[in-house]
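Residue-level structural notes
Residues per chain, in single letters:
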Amino acid sequence: MSWDLLFWVLCFFIDLALLASNFYQLVILSDLEADYINPYESSSRINYLIVPELIVHGVLCALFLLTWHWLLFLVTLPLTCYMANLFMKRKHLLDVTEIFRVLSSEKKYRLVKLGFYLIFLFIIIFRLILSAFNSLASEEHTVDFF
């Protein structure tokens, strides 16, 4: 098994974890909007996931930089910088008293991230399949895309 294939399998599971975390946060915000959950519970559940999501996304971005995948690094860099900027300004956590005021903007932010991770998942699946094909094929039949 080649290292490239292992790298794309790792990226697949990292992106899947980010996608699931973001979907969970979006479901909690929708439950809060429908008044199925109280504001304290929803903000504590979401705040529990924000810092690990930032760390995992930063690791994914650093993996692309260290493995010389420049295009994917440049695609993930703006979201990483935005999330790091929120962390530095201490605006990354949801406040219980302000949650209803920022509910629609937080849902839009989570939807944009969900779309980003979903598109990124398709790119990673494509690269994973391409890497699996290249590891099984002989030298003259390998395919190289970006």
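Residues numbered from 1 in each chain as written. Predicted model: local features only at pLDDT ≥ 70, side-chain atom pairs only at ≥ 80, totals over all residues. Heavy atoms only, no water.

Turning our eyes to something else, we now look at the nonpolar core. Ranked by size, the top nonpolar core spans 26 residues in total, and within it Trp8, Cys11, Leu60 and Phe64 carry the most contacts. The set of elements that each furnish at least two residues to this core consists of helix 1 (3-33), helix 2 (39-66), helix 3 (70-88) and helix 4 (103-136). Aside from chain neighbours lying at most four places away, what touches leucine 60 is Cys11, Ile14, Leu18 and Phe120. Membership of the second largest hydrophobic core comes to nine residues, among which are Leu32, Leu94, Ile99 and Leu103. (Core = buried A, V, L, I, M, F, W, Y, C linked by side-chain atoms within 4.5 Å. Buried < 20%, exposed > 50% of the residue type's maximum accessible area, 1.4 Å probe, protein only. Helix = DSSP H or I, 4+ residues; strand = E, 2+ residues; numbered from the N terminus. Contact = heavy atoms within 4.5 Å.)

It is worth spelling out the environment of leucine 128 at this point. As for its placement among the helices and strands, leucine 128 is situated in helix 4. For leucine 128, a relative accessible area of 18% translates into the label buried. It is 9.0 Å that separates the C-alpha atoms of leucine 128 and cysteine 11, two residues lying 117 residues apart in sequence. Those residues in contact with leucine 128 that lie beyond four places of it in its chain are Leu5, Trp8 and Val9.

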